[in-house]
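# Topology and contacts: notes
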Amino acid sequence: DALALVRRLRLECGADAARCALALQTIATMLRNVLEDPQAERYRTVRLANATFHQRVGSLPSGLALMRAFGFEDARAAGDGAPDGAVTHLAMPVADAAGLARGLVLLRAAREALVLVDDVPKPGRTEE
């Protein structure tokens, strides 16, 4: 379940709570984008080779598992430079608004826990 994956993600990040927070924030942004514009394919797909995505989410097995738990599926694109049959991106064929909203609530709570427990700065907050 998604809560277990959030916990596993936190363990994967070890002492780097900020990395976990960034992964959660990135996934939340992607879910919010799909929720706000469910017909836009650009929000329902992400290339695994995208450097920013890989750095923030894709390099964490639990981050990818969370994406799948929220409705993204492995997909293949011909001619993307990947070997035949290799997964090249994640795609959400159908946007489940209720599921996305539940996911956002979970991710927001997990991010807030990092702020409270691990003293990770809130997004947009600057340290003085």
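Residues numbered from 1 in each chain as written. Predicted model: local features only at pLDDT ≥ 70, side-chain atom pairs only at ≥ 80, totals over all residues. Heavy atoms only, no water.

### A closer look at the overall build of the chain
- Across its full length, the chain holds six helices and three strands.
- Order of helices (α) and strands (β) in the chain, N terminus to C terminus: α-α-α-β-α-α-β-β-α.
- Once local pairs closer than 6 in sequence are excluded, the contacts in the chain between residues at least 24 apart make up 58%.
- With the model as given, the accessible surface of the chain reaches about 7,400 Å², and the carbon-plus-sulfur share is 52%. (Helix = DSSP H or I, 4+ residues; strand = E, 2+ residues; numbered from the N terminus. Contact = heavy atoms within 4.5 Å. Areas by Shrake-Rupley, 256 points an atom, 1.4 Å probe, with all protein chains shown as cover.)

### Some points on the sheet that holds strand S3 (residues 89–91)
- With antiparallel pairing, three strands are arranged side by side in an open sheet as S1-S3-S2. With partners counted over all chains shown, the strands left at the sheet margins are strand S1 (45–47) and strand S2 (73–75), one partner each. Taken over all neighbouring pairs, the strand axes of this sheet differ in orientation by 30° on average, direction set aside.
- In the sheet, S2 pairs with S3 via three bridges, with the strands oriented antiparallel. Looking at the pairing, Glu73 lines up with Ala91 of S3. (Pairing = 2+ DSSP bridges. Axes fitted to C-alpha atoms, helices over the stretch in contact; angles between N-to-C directions.)

### Section: the packing of helix H2 (residues 17–36) against helix H6 (residues 97–118)
- Following both chains from N to C, one finds H2 and H6 inclined at 155°, their axes separated by 9 Å at the closest point. Relative to H6, the element H2 lies roughly antiparallel. Where H2 crosses over H6, the two elements pack in a sense that is left-handed. Contact residues: H2 offers Ala17, Cys20, Ala21, Leu24, Gln25, Ile27, Ala28, Leu31, Arg32, Val34 and Leu35, while H6 offers Ala97, Leu100, Ala101, Gly103, Leu104, Leu107, Ala110, Arg111, Leu114 and Asp118. (Parallel < 35°, antiparallel > 145°, perpendicular 65-115°, else oblique. Left-handed = near helix turned anticlockwise from the far one by under 90°.)

### Observations regarding the pattern of salt bridges
- Enumeration according to the criterion identifies one salt bridge in this entry.
- Residue Arg68 pairs with Asp74 through a salt bridge whose shortest N-O separation is 2.7 Å.
- Of the residues examined, Arg68 reaches a relative accessible area of 36% and is grouped as partly exposed.
- Judged by relative accessible area, which is 36%, Asp74 ranks as partly exposed. (Salt bridge = Lys/Arg side-chain N within 4 Å of Asp/Glu carboxyl O. Buried < 20%, exposed > 50% of the residue type's maximum accessible area, 1.4 Å probe, protein only.)

### Quick look at the nonpolar core
- Counting 34 residues, the largest nonpolar core has Leu24, Leu66 and Met67 as its most contacted members.
- Listing elements by their share of this core, those giving two or more residues are helix H1 (2–13), H2, helix H4 (51–58), helix H5 (61–69) and H6.
- Broken down by element, the residue count for this core peaks at 10 residues, all from H2.
- Excluding its chain neighbours within four sequence positions, the residues that come into contact with Leu24 are Val6, Leu9, Leu66, Leu107, Ala110, Arg111 and Leu114. (Core = buried A, V, L, I, M, F, W, Y, C linked by side-chain atoms within 4.5 Å.)

### Details of H5
- Turning to H5, its buried residues number three or more, namely Ser62, Gly63, Leu64, Ala65, Leu66 and Met67.
- Lining the buried residues of H5 we find H1, H2, S1, H4 and S3.

### What about H2?
- Its 20 residues place the ends of H2 28 Å apart at the C-alpha level, agreeing with the 28 Å of an ideal helix rising 1.5 Å per residue.
- Buried within H2 we find Ala17, Cys20, Ala21, Ala23, Leu24, Thr26, Ile27, Ala28, Met30, Leu31 and Val34.
- Along its buried surface, H2 packs onto H1, helix H3 (41–44), S1, H4, H5 and H6. (Expected span 1.5 Å × (residues − 1).)

Keep in mind these values describe shape, not function.
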